[in-house]
Amino acid sequence: MVAKIVDGKKMAAEIAEDLAVKIAKLSQKPHLAVVLVGDCEASLIYVRNKKKAAESIGMKCSVHHLAERTSEKELLDLLEKLNNDKDVNGIIVQMPLPEHIDSDKVLEAIALAKDVDGFCPYNMGLLHANSKNATVPATPKAVLYMLEHTLGNISGKHAVIIGRSNIVGRPLASLLLNSDCTVTIGHKQSVDLQKLTAQADILVSACGVPQMVDEKWVKDGATVIDVGITRVDGKICGDVDFAKVAEKAEFITPVPGGVGPMTVAMLLENTWLAYKKQNKLG
Ligand code: GUN
């Protein structure tokens, strides 16, 4: 193996420790409200991890677990209540939502100041316009943090992202462009995707196809960030064939222990930032 491992678990623990010290000094603790509709197995695990991580640093975390059959109106009513609750600093609605609920409508209903996922359209617009006021979604923010703490300045590098979701691919493209990378987004309809990824200085895979990216997709000395988390035969699996790609890349993230824990750390940081802004702390 040639590649050095980018240790997301260690980075996340350092960020959490830093936040815990700040929160310990407060009498009124930051409060993250998590809304989950239905019983999607992956979502239940993500929400449990977020609550555990928030509480471990002294943050308050309330989980509002609604039944699959919950109507759009009931969900919007809950969001209005949370928007108006002075004790709540951050709100996230775990995605995906059941099909009978319009997720665009739901994301639009979250108060801008409490949108700690950064998914509401106004926030997305701020990010795309390179505004310093944007709340950056947790997974793209985690990827940028890991890149900058591994490579230093990434200006001018060619970043190729596999996947164009609203949660990862699209906001990450903006974020990397804002950091002066040259950005390519590849997706299911891209012609000869492998030819594109093989040109990448930075390759980020967020497509959810287990082990799709092997050494043929990767340039010598590239940095490879694996956002994929898929359960295969009970085991968590990334998009990248770690053993093969580690022979060629210079840096690589593991799954688990890479982007996953860093995403949670960035959500906690966004909640802390929202709290600071709402309480007019420096
Ligand atoms: N589903 C997958 N990732 C995320 C995330 O970062 N936030 C929310 N709300 N839902 C998700």
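Preceding block: the structure.
Residues numbered from 1 in each chain as written. Predicted model: local features only at pLDDT ≥ 70, side-chain atom pairs only at ≥ 80, totals over all residues. Heavy atoms only, no water.

**Student:** Help me understand the pairing of strand S2 (residues 31–37), please; the structure alone is not making it clear to me.
**Tutor:** Residues in a regular strand point their side chains to alternate faces of the sheet. Among the seven residues of S2, seven are classified as buried, and the element is accordingly described as predominantly covered. Residues His 31, Ala 33, Val 35 and Val 37 of S2 are buried on one face, and the alternating residues Leu 32, Val 34 and Leu 36, pointing to the opposite face, are buried as well. As paired elements, S2 and strand S3 (residues 60–66) share seven bridges and run parallel to each other. Looking across to S3, one finds that Leu 36 is bridged to His 65. The β-α-β motif built from S2, the intervening helix H2 (residues 41–56) and the parallel element S3 has right-handed crossover chirality. Strand direction decides the pairing type here: S2 and strand S4 (residues 90–93), joined by four bridges, are parallel. Across the sheet, Val 35 pairs through a bridge with Val 93, a residue of S4. (Buried < 20%, exposed > 50% of the residue type's maximum accessible area, 1.4 Å probe, protein only. Helix = DSSP H or I, 4+ residues; strand = E, 2+ residues; numbered from the N terminus. Pairing = 2+ DSSP bridges. Right-handed = clockwise from strand over helix to strand, strands pointing away.)

**Student:** Honestly, the sheet that holds strand S1 (residues 4–5) in this entry has me stumped. Any pointers?
**Tutor:** Pairing between the strands of a sheet is mediated by backbone hydrogen bonds and can be parallel or antiparallel. Taken in spatial order, the six strands make up an open sheet running S1-S11-S8-S7-S5-S6, and their pairing is parallel. Of all the strands in the sheet, just S1 and strand S6 (182–186) have a single pairing partner and so form its edges. With two bridges joining them, S1 and strand S11 (residues 251–252) adopt parallel strand pairing. Within S11, the residue paired with Lys 4 across the bridge is Phe 251. Sitting on the sheet, helix H6 (residues 138–151) touches strand S7 (202–205), strand S8 (223–226) and S11, and the angle it makes with S8 is about 155°. (Contact = heavy atoms within 4.5 Å. Axes fitted to C-alpha atoms, helices over the stretch in contact; angles between N-to-C directions.)

**Student:** It is not clear to me how the site of the ligand should be interpreted in this structure. Could you clarify?
**Tutor:** Residues in contact with the ligand, as listed here, are Lys 50, Val 93, Gln 94, Met 95, Asp 117, Phe 119 and Ile 167. One nitrogen or oxygen atom from the main chain of Val 93 is found 2.8 Å from a nitrogen atom belonging to the ligand. Between a nitrogen atom of the ligand and a side-chain N or O atom of Gln 94, the distance comes to 3.3 Å. Grouping the amino acids of the shell around the ligand by side-chain chemistry returns four nonpolar, one polar and two charged. (Near = heavy atom within 4 Å. Polar contact = N/O pair within 3.5 Å; in protein donor to acceptor, adjacent residues only side chain to side chain. Nonpolar A, V, L, I, M, F, W, Y, C, P; charged D, E, K, R; others polar.)

**Student:** For this particular structure, what's the right way to read the packing of aromatic side chains?
**Tutor:** Both the distance between ring centres and the angle between the ring planes are used here to describe each pair of aromatic rings. One pass over the full model with this rule turns up one aromatic pair. Ring centres 6.0 Å apart and planes at 15° place the aromatic pair Trp 272 and Tyr 275 in the stacked group. Highlighted residues: Trp 272 and Tyr 275, both in helix H10 (residues 259–278), separated by three residues, approximately one helical turn. Taking the relative accessible area as the measure of exposure, Tyr 275 reaches 4% and is therefore buried. A cation sits over an aromatic face here: Lys 4 above Phe 251, 5.2 Å from the ring centre. (Phe/Tyr/Trp six-rings, centres within 6.5 Å; stacked < 30°, edge-to-face > 60°. Lys NZ or Arg CZ within 6 Å of the ring centre and 35° of its normal.)

**Student:** Before we go on, may I ask you to explain the packing of H2 against H10 in this structure?
**Tutor:** When two helices pack together, their arrangement is captured by the angle between the axes and the distance separating the axes. Packing of H2 against H10 leaves a shortest axis separation of 10 Å and a crossing angle of 55°. Relative to H10, H2 is oriented oblique. Between H2 and H10 lies a crossing whose hand is right-handed. Together, Asn 49, Lys 50, Ala 53 and Ala 54 of H2 and Val 264, Leu 267 and Leu 268 of H10 make up the contact between the two elements. Among the residues making up the contact of H2 with H10, the classes are represented as five nonpolar, one polar and one charged. (Parallel < 35°, antiparallel > 145°, perpendicular 65-115°, else oblique. Left-handed = near helix turned anticlockwise from the far one by under 90°.)

**Student:** Honestly, the pattern of salt bridges in this entry has me stumped. Any pointers?
**Tutor:** Pairing between side chains of opposite charge can happen when their charged atoms approach one another. Overall, the coordinates contain eleven salt bridges when judged by the stated rule. In this structure, Glu 41 engages Arg 231 in a salt bridge whose closest nitrogen and oxygen atoms are separated by 4.0 Å. You can see Glu 41 sitting in helix H2 and its partner Arg 231 sitting in strand S9 (residues 230–232), a full 190 residues away along the chain. Salt-bridge contacts for Asp 201 lead to Lys 219; the nearest nitrogen and oxygen are separated by 2.7 Å. Residue Asp 201 is located in the loop between helix H8 (193–197) and S7, and its partner Lys 219 is located in the loop between S7 and S8; the two are separated by 18 residues in the primary sequence. (Salt bridge = Lys/Arg side-chain N within 4 Å of Asp/Glu carboxyl O.)

**Student:** Sorry if this is basic, but what is going on with the sheet that holds S3 here?
**Tutor:** Pairing within the open sheet is parallel, and its three strands lie in the order S3-S2-S4. Of all the strands in the sheet, the pair left with one neighbour each is S3 and S4. Adjacent strand axes in the sheet meet at a mean angle of 15°, parallel and antiparallel pairs treated alike. Packed onto the sheet, H2 meets S2, S3 and S4 and runs at close to 160° relative to S3.

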